[in-house]
Amino acid sequence: MASTSGRTGGIFAIGYVGVILLFLYVPILVMMLMAFNASPLYQLPFDFDLVWFKALAGNDQLLTAARNSVLIAIANTVIATTLGTLTALAFARYHFFGKSLLQILLIPPITIPWLITGTAMLIFFFWTGIGRGLHAILLGHVALSLPYVVIIVGSRLKSYGVALEEAAATLGANGWQTFWRVSAPLMAPGIVAAALFAFAISFDQFVISYFLAPVGVSTLPVEIYSAIRKGFTPEINAISTIIILASMAMMLAFARFSKFGGER
Amino acid sequence: MTALVSASTRRLRAILGLTGGTYLVLLITILLPLAAMLYFSFLTVTPIGGRTASFTLKHYTDIFTKPLYRVNGQRSLMLGFQVTLICFALGYPAALFLARHIKNRWREALLLLIVLPFWSNGLVRTFSWTMVLTDSGLVGQALQAVWPGAPSIDLMFSYPAIVIGLVHAYLPYMILTCYVSLQAIDDSLAEAARSLGASSFTIFRRITLPLSLPGVVAGTVLIFVPVLGSFMEPRILGGQQAIMLGTLIENQFTASFNWPLGAALGFTMLAVVILIMGICYPVLKKHLSAN
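Criteria and cut-off values
- Residues numbered from 1 in each chain as written.
- Chains lettered and ligands numbered in written order.
- Predicted model: local features only at pLDDT ≥ 70, side-chain atom pairs only at ≥ 80, totals over all residues.
- Heavy atoms only, no water.
- Helix = DSSP H or I, 4+ residues; strand = E, 2+ residues; numbered from the N terminus.
- Rg over C-alpha atoms; globule rule 2.2 N^0.38 Å.
- Buried < 20%, exposed > 50% of the residue type's maximum accessible area, 1.4 Å probe, protein only.
- Contact = heavy atoms within 4.5 Å.
- Lys, Arg positive; Asp, Glu negative; His and termini not counted.
- Charge placed at Lys NZ, Arg CZ, Asp CG, Glu CD.
- UniProt positions renumbered as here; feature names shortened; annotations may be inferred.
- Core = buried A, V, L, I, M, F, W, Y, C linked by side-chain atoms within 4.5 Å.
- Buried area = accessible area lost by both parts, 1.4 Å probe.
- Salt bridge = Lys/Arg side-chain N within 4 Å of Asp/Glu carboxyl O.
- Polar contact = N/O pair within 3.5 Å; in protein donor to acceptor, adjacent residues only side chain to side chain.
- Nonpolar A, V, L, I, M, F, W, Y, C, P; charged D, E, K, R; others polar.
- Phe/Tyr/Trp six-rings, centres within 6.5 Å; stacked < 30°, edge-to-face > 60°.

A few words now on the overall build of chain A. Across its full length, chain A holds 12 helices and 0 strands. The C-alpha atoms of chain A give 23 Å as radius of gyration, which overshoots the globular expectation for 264 residues (18 Å, by more than 25%). Dimensions along the principal axes, computed over C-alpha positions, put chain A at roughly 70 × 70 × 30 Å. Looking at the 264 residues of chain A, the share that counts as buried comes to 51%. Sequence separation of 24 or more characterises 73% of the internal contacts of chain A that already satisfy a separation of 6 or more. On chain A, the mean spot of the 14 positive side-chain charges and the mean spot of the 9 negative ones are 11 Å from each other.

See the structure below:
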């Protein structure tokens, strides 16, 4: 195959993928560029100015929403990574009745459209008195993150098996020693990758937060959505630029820890 | 004997301790809410704020008889088909090229570039199209400069704008799932076919395409289901007149406070999702076990 397609085939292939990448990146780059344009109406010619980033520093509403988003993302990362890692450990170590049912229960949070889970949570939380607010949003984010944490940490656990732990036990290590000296270091890359993933899921989540945020409380995506709906200025481009760059940095870190997207 | 009993109790306690937290969260965020939603979908009014509700099937009969819901339901299904089909038409060749013609270092870099925007905020990416789909914007002006008399790209608040935004959002799914399937195909199969005199097109049609089908199906499910439930993209890019099943459901919860109707619409959508999953499950299982 390679001999007939040869070099020109490769160049054409890279060209085609390049066009796809243009489609994926041009809107994002244009959006980012317009954050640095002075005109409040996105008018051209382009006039470089940092006025929108400065305006951001004085926008208390956006800053509060940003702080909420970061706090929820951090809390979500800690809770989801802890609970998910424990569950992955249980799945890797024990065979028990109902295990496959528990594993199947991880599928709904990631396959049912967020619109349905979000409105279902709204109904249930309102009805039972759990209510809306940052605590409800956090609960929703943990539910969405947990399946991914269990899957990511679980695949790491599967890749080295139980042989090393058994060896440690044979050599006289007790349960805690085995865990801290053998299991934990081996699991660490999986846990870090899962934590990064959980943070990104929470920080980017809009739909669940939108339904669970009461009037006056919001996260960054909820705030951006209402700004887009009401009429926006390049300030939204400025905050979006920051979000995009932060998300991409996290994704690169995730790729490093999980070796995702490349070699097989 | 006592030692045996205590060992199995300890084991049970360990399993409960390790999995308890996760499933407590899933119980109060997914299982009970879905049960509550099902219950609400049979009520006459939202039983909150002192109102008393009684049992009714009215919302479901409305959904299946009133043209408003049928028309919007069909429109949402149509949108799902169109977005999925365009993602396949654009994404499959890209996956094929990445799996077959592009070598190691390039391949890694390009794959990373394809998934990178994918994990950045979907809302922000949808918003970014409002900067592009106008003639006075950077892209519109550049296009007019390079190609005077170029057709207008002023597509904001139209159906094509929704399709473009959704394809942009979900294309990486299709590329990734197809790539994974194509990558797993053994090269020696194609070589054997070639030595027996098969043309490149025959090899593609008889070997490559059928063997990569699980990836196509996985991509289709991963795209079709969220597009069916989309409401933010139609709202931002489609404007006021863009009514989809998703925006209809959102409306019941954020504007008209008719939660029972919203719940019934949500459950109807969920039934469609489960149906799609059920149909695709045998192929999906193959996809998962193959990789």
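Note on placement: Tyr159(B) falls in helix H7 (residues 159–183). Between the C-alpha atoms of Tyr159(B) and Gly238(B), which are 79 residues apart in sequence, the distance is 6.1 Å.

A few words now on the UniProt feature "domain: ABC transmembrane type-1" (unreviewed entry) in chain B. UniProt annotation of "domain: ABC transmembrane type-1" (unreviewed entry) refers to residues 73–280 of chain B when read in the numbering used here. Split by type, residues 73–280 of chain B is 78% helix and 0% strand. Its first and last C-alpha atoms lie 21 Å apart.

Below, the discussion takes up the nonpolar core. Counting 166 residues, the largest nonpolar core has Val17(A), Phe206(A), Leu220(A), Ile224(A), Val83(B) and Leu98(B) as the members making the most contacts within it. Aside from chain neighbours lying at most four places away, what touches Leu220(A) is Leu62(A), Ala65(A), Ala66(A), Ser69(A), Phe203(A), Ile239(A) and Ile243(A).

Here we come to the interface of chain B and chain A. At the interface, 87 residues of chain B touch 87 residues of chain A. Here chain B and chain A share an interface that buries about 8100 Å² over both sides, 83% of which is from carbon and sulfur atoms. Linking chain B to chain A there are 0 salt bridges. Linking chain B with chain A are 9 residue pairs in polar contact (both at pLDDT 80 or more), by the criterion used here. Among the elements that line the side of chain B that touches chain A, the one with the most residues is helix H1 (residues 2–40) of chain B, at 21 residues. Of the residues contributing to the side of chain B that touches chain A, the split by class is 61 nonpolar, 20 polar and 6 charged.

With that settled, the discussion passes to unusual backbone geometry. Even without glycine at this site, Tyr42(A) takes up a positive phi of about 60°. With a phi angle near 55°, Phe257(B) is a residue other than glycine that sits in the positive phi range. Within the fold, Phe257(B) resides in the loop between helix H11 (245–254) and helix H12 (259–290). On the accessibility criterion, Phe257(B) (35% relative accessible area) is partly exposed.

Bringing the packing of aromatic side chains into the picture now. A complete count under the given rule lists 33 aromatic pairs over all chains for this structure. Each ring, one from Phe257(B) and one from Trp259(B), has its centre 5.1 Å from the other, and the planes form 55°; the classification is tilted. Clustering of aromatic rings is evident, with ring pairs tying together Phe126(A), Phe206(A), Tyr210(A), Phe211(A), Tyr225(A), Phe231(B), Phe253(B), Phe257(B) and Trp259(B).

What follows is about the UniProt feature "transmembrane region" (unreviewed entry) in chain B. Residues and elements named next belong to chain B. Feature annotation in UniProt places "transmembrane region" (unreviewed entry) on residues 21–42, 77–98, 110–128, 157–182, 203–225 and 261–284, given in this structure's numbering. For the annotated span residues 77–98, helix accounts for 100% and strand for 0% of the residues, and the straight-line distance between the end C-alpha atoms is 31 Å. As a span, residues 261–284 carries 100% helix and 0% strand, and end to end its C-alpha atoms are 33 Å apart.

Our next topic: the environment of Val283(B). All names here are of chain B. With respect to the helices and strands, valine 283 occurs in helix H12. What makes valine 283 partly exposed here is its relative accessible area of 27%. The spacing of valine 283 and valine 217 is 66 residues in sequence and 7.1 Å in space, taken between C-alpha atoms. Setting aside its immediate chain neighbours within four residues, valine 283 contacts Pro214 and Val217.

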